[in-house]
Amino acid sequence: MKIGVEVNSFFGRYGSKIGKMEVEIDPNTNVEKLLENLNIPKDKVGFVIVNQKRVDFDYVLSENDSVYITPYATGG
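Only a predicted model underlies this, so the values are computations on that prediction, with no experimental measurement involved.

Rules and cut-offs
- Sequence order as written defines residue numbering, which begins from 1 separately in each chain.
- Local features in a predicted model are, by the rule used here, given only for residues with pLDDT of at least 70; side-chain atom pairs are given and counted only at 80 or more, and totals for whole chains, interfaces and linings are based on all residues.
- Computation of side-chain values: all heavy atoms of the structure, hydrogens and water removed.
- Pairing between strands is defined by DSSP: at least two bridges between them are needed.
- Think of it this way: any DSSP run of H or I at least four residues long counts as a helix, any run of E at least two long counts as a strand, and we number them from the N terminus.
- Residues grouped as a nonpolar core are buried Ala, Val, Leu, Ile, Met, Phe, Trp, Tyr and Cys residues, joined through side-chain atoms within 4.5 Å.
- Residue burial is assigned from relative accessible area. The probe radius is 1.4 Å, only protein chains are included, and a residue is buried under 20% of its type maximum, exposed over 50%, and partly exposed in between.
- The contact criterion used throughout is that any non-hydrogen atoms of two residues lie within 4.5 Å.
- By convention, a stacked pair of Phe, Tyr or Trp rings (six-membered ring in the case of Trp) has centres within 6.5 Å and planes under 30 degrees apart, an edge-to-face pair has planes over 60 apart, and any other such pair is tilted.
- The term salt bridge refers to a side-chain nitrogen of Lys or Arg lying within 4 Å of a carboxyl oxygen of Asp or Glu.

Participant: In this structure, what is going on with the pairing of strand E3 (residues 45–50)? I would like to understand it.
Facilitator: For a regular strand, side-chain orientation follows a simple rule: the groups alternate between the two sheet faces. Sheet topology note: the E3/strand E5 (residues 66–71) ladder contains 5 bridges and is antiparallel. From the neighbouring strand, Val48 faces E5, where its bridge partner is Ile69. For E3 and strand E4 (residues 53–55), the ladder comprises 3 bridges, and the chain directions are antiparallel. Looking at the pairing, Ile49 lines up with Arg54 of E4.

What follows is the structure, given as structure tokens:
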């Protein structure tokens, strides 16, 4: 099944593709498994938004979900 994903550019340093993309996932894939598939370290994730609602890592994704992954706030 396909979902839309937007990955913050911060995660590019871990080998993840960044920006907006469409991703093919298996049924019953949760957010934690999606992060693994995208090479995003779970401990660097500030929060995950699915369909404009904040969700936990165990949230099971559905067809056509819209996912936004952002890191903890960083200073400059």
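Participant: What exactly am I supposed to notice about the nonpolar core here?
Facilitator: In a soluble, globular protein the nonpolar side chains are often hidden away together inside. Counting residues in each nonpolar core, the largest one holds 20 residues, and the members touching the most others are Val5, Leu34, Val67 and Ile69. Where this core is concerned, the elements lending two or more residues are strand E1 (2–7), strand E2 (19–24), helix H1 (31–37), E3 and E5. Beyond its immediate sequence surroundings of up to four residues, Ile69 is in contact with Val5, Glu6, Val7, Asn8, Phe11, Leu34, Leu35, Leu38, Ile40, Val45, Phe47 and Val48.

Participant: Could you clarify how one ought to interpret the pairing of E1 in this entry?
Facilitator: Only one face of E1 is buried, namely the one carrying Ile3, Val5 and Val7, since none of Lys2, Gly4 and Glu6 on the opposite face is buried. Bridging between E1 and E2 involves 6 bridges; their strand directions are antiparallel. Within E2, the residue paired with Ile3 across the bridge is Val23. Across 4 bridges, E1 lies against E5 in parallel orientation. Within E5, the residue paired with Val7 across the bridge is Ile69.

Participant: So what exactly am I meant to see when it comes to the packing of aromatic side chains here?
Facilitator: To describe a pair of aromatic rings, one takes the distance between the centres and the angle between the planes. Enumeration over the complete set of coordinates arrives at 2 aromatic pairs. Relative to Phe11, the ring of Phe10 has its centre 5.3 Å away and its plane inclined at 85 degrees; by these criteria the two rings are edge-to-face. On the basis of relative accessibility, which here comes to 15%, the residue Phe10 falls in the buried class. Residue classification places Phe11 among the buried residues on the basis of a relative accessible area of 0%. Considering the side-chain rings of Phe10 and Tyr14, the 6.0 Å spacing of their centres and the 55 degrees angle between planes classify their relative orientation as tilted. For Tyr14, a relative accessible area of 31% corresponds to the partly exposed category. The structure contains a cluster of three or more aromatic residues connected by ring pairs, namely Phe10, Phe11 and Tyr14.

Participant: Explanation requested: the pattern of salt bridges in the structure shown.
Facilitator: Any two side chains of opposite charge can pair, given that their charged atoms come close. Under the counting rule described, the total for this entry stands at 3 salt bridges. The salt bridge partner of Glu22 is Lys2, with a shortest N-O separation of 3.5 Å. With Glu22 in strand E2 and Lys2 in strand E1, the pair connects residues that are 20 residues apart, well separated along the chain. Take Glu22: its relative accessible area is 58%, and that puts it in the exposed class.

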